[in-house]
Amino acid sequence: MEMGSDGPRAKRMHRAAPGIHEKVPPSPAATAEATDLEPMVVEKSGEPPHGPEKDEEQSQDHISCVSDDILGEIISLLSPKEGACTQVLSSRWRHLWRHAPLNLDFRGLPASDNMLSTSRCVLVSDILVAHLGSGRRLCLPGSHVQCRADALDAWLRSRALDNLQELEFYFYGRRYCAPDLVVKLLLPPPASIFRFSSTLRVAIISNCYLTDDAVETLRFKQLRRLALVHVKISEVSMHKIISAGCPGLECLLLSTISGVRCHRINSPTLRSIGIRSSSDELIIEDAPSLERLLYPEMNNRMKTTVISAPKLETLGCIPEKYTESRIVFGSTVIQVGLRIDNLATVVRTVKILAIHMTFSDQDMVIDLMRCFPCLEKLYAKETNASCEQKRRNRKNWNLLTFLDIRLRTIVLRCYRRTHFQVNFAAFFVLNARMLESMRLEVESCNFNEHFFAEQHEVLQMENRASSGARLCFTTGCHHEVSGTMHLDDLDSTDPFACGC
């Protein structure tokens, strides 16, 4: 059973059949041998048994030996409320919070009315005045750029924010908002934001207009992660930020960008790109370090061209519904919907792929395996297909049996035991010789022993090509492959894996 021993969880996991993974209990001889070794280890170590002096040493307050600087670093990881509470621990701790690097999150402050309350703004001002240390992280609503510009500028100039490392203007409002409805209302951020150019490492900027004049002098030398959400910016300025303004940039998230028709990526340091944009084109011209290219949401007519990304390993989520979009790798053209028009170049670097697809289309599956021959992990979700949908199999399904399928993990979202889902899963069970795990995400009503045993039979697990292949079932929180939205997701080795 793929279930932890630490009690019930919101997300449940189960192995399909007991015969697939049987835990072999340790033999009595091995247990006796391990027991006999214990006194030998103690004897050879030469350490005396614990006495009163040893117990007294272990009971000492080792925290008192830690320096104030280290304790301040620990306190800075807490919320403002939790950090302030440390002042009551002892007289020594009373001054630590005010001198520790400040971690101020607007969302964690108490309020009497709502998220954008005046009382919270008063608290922010009071905390910045009272704080005697430097700043580490400041998190404020992006709407403050528009409606509280003077207060925001005063906060950013506070000495309590000197050496600030993380700045977030989070988006507060409707998740999907047409750019043309807000562009005319956007104002530039205060000039004081640029005083952190030598220390800032993480920046999330939303609800503002980045003018050409401001970007012209922008240079954040230490910035590693950048997100632009509901931002107006010119195409020239966008390219300047990526190529010159942030020379050490590693993670870039672009969401609902206005004023840019084509994003051009030329960066020797970028490792992850996430794009949810109204732009028409994305061109990866030269990205020697790029490992992850993610589409939280793809424009229905976006064209992506990858010219040079020799380390690209993670791709997705590729939707099936936007037939006008396409992704080009060299001479290989992938129509979104996974129709491959020209397979002149295979993409050997991609190892993790997330897709929405039609499981009834055998041609699509064949092209998928041929285009990504080194694929190791596949996240697949079936699109809402008509019940009368006919199978498309112009190519020979047996062609796949001659391919070297290297898949180790397959995750099927929203598994409902349909005819095409069963055929899709069974094929890989019978032909993927390196398969280690096939995880089926099912509805709660199907999370039972009868359903597990039934799928074990219909998927022919007894005849599986890989003797180590496991069939797992999960339910509870379904992590959408198209839900990647935060910088932390971009920095994850596998951004599509559910961490619930």
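Our structure's up above, just so we're on the same page.
Reading guide: rules and limits
Residues numbered from 1 in each chain as written. Predicted model: local features only at pLDDT ≥ 70, side-chain atom pairs only at ≥ 80, totals over all residues. Heavy atoms only, no water. Helix = DSSP H or I, 4+ residues; strand = E, 2+ residues; numbered from the N terminus. Buried < 20%, exposed > 50% of the residue type's maximum accessible area, 1.4 Å probe, protein only. Contact = heavy atoms within 4.5 Å. Areas by Shrake-Rupley, 256 points an atom, 1.4 Å probe, with all protein chains shown as cover. Polar contact = N/O pair within 3.5 Å; in protein donor to acceptor, adjacent residues only side chain to side chain. Phe/Tyr/Trp six-rings, centres within 6.5 Å; stacked < 30°, edge-to-face > 60°. Lys NZ or Arg CZ within 6 Å of the ring centre and 35° of its normal. Salt bridge = Lys/Arg side-chain N within 4 Å of Asp/Glu carboxyl O. Pairing = 2+ DSSP bridges.

### Structural notes on the overall build of the protein chain
The helix and strand tally for the protein chain stands at 15 helices and 21 strands. When burial is assessed residue by residue, the protein chain has 47% of its 500 residues classed as buried. In the protein chain, the share of contacts with a sequence separation of at least 24, taken over all contacts with a separation of at least 6, comes to 63%. Carbon and sulfur atoms form 52% of the exposed surface of the protein chain, whose accessible area is close to 24,800 Å².

### Overview of the side chain of Thr475
Here Thr475 lies in strand S21 (residues 470–475). Reaching out from Thr475, the side chain makes a polar contact with the backbone oxygen of Val442 at a distance of 3.2 Å. A polar contact of 3.5 Å, which involves the side chain of Thr475, links it to the side chain of Ser444.

### Quick word on the packing of aromatic side chains
As enumerated under the stated definition, the model contains nine aromatic pairs in all. Here the aromatic rings of Phe329 and Phe372 are separated by 6.5 Å at their centres, their planes lie at 90 degrees, and the arrangement is edge-to-face. Here the residue Phe329 occupies a position in strand S14 (residues 326–329), and Phe372 occupies one in the loop between helix H12 (362–371) and strand S18 (377–382), the gap between them amounting to 43 residues. Neither Phe329 nor Phe372 differs from the other in exposure class; each is buried. An angle of 65 degrees between the planes, with centres 5.1 Å apart, marks the rings of Phe424 and Phe428 as edge-to-face. On the criterion of helical spacing, the pair formed by Phe424 and Phe428 is a turn pair, its members being four residues apart in helix H13 (residues 419–431). Each member of the pair Phe424 and Phe428 is classed as buried. Members of the aromatic cluster, connected to one another through ring pairs, are Tyr415, Phe447, Phe451, Phe452 and Phe473. For the cation-ring pair, Arg107 lies above Tyr170, with the distance from its terminal atom to the ring centre recorded as 4.2 Å.

### Some points on the pattern of salt bridges
Here the structure, examined in full by the defined rule, presents 21 salt bridges. Asp105 is the partner of Arg137 in a salt bridge, and the nearest nitrogen-oxygen pair spans 3.3 Å. Of this pair, Arg137 sits in strand S3 (residues 135–141) while Asp105 is found in strand S2 (residues 102–105), placing the two residues 32 residues apart along the sequence. The same class applies to Arg137 as to Asp105, namely buried. Across the pair Arg107 and Glu168 runs a salt bridge whose closest N-O atoms are separated by 3.8 Å. You can see Arg107 sitting in the loop between S2 and helix H6 (118–130) and its partner Glu168 sitting in strand S4 (residues 166–170), a full 61 residues away along the chain. The network of salt bridges with common partners includes Asp105, Arg107, Arg137, Glu166 and Glu168.

### Focus: the pairing of S21
Burial runs high along S21: five of the six residues are buried. As defined by bridge partners, strand S20 (residues 437–441) adjoins S21 across five bridges and the pair is classed as parallel. The residue bridging Arg439 from the neighbouring strand is Cys472, located in S21.

### Focus on the pairing of strand S19 (residues 409–413)
Across the five residues that make up S19, a large majority, five, are buried. Alternating positions in S19 separate into two faces, Thr409, Val411 and Arg413 on one and Ile410 and Leu412 on the other, with burial throughout. Two elements, S18 and S19, share five bridges in a ladder whose sense is parallel. Of the residues in S19, the one forming a bridge with Leu378 is Ile410.

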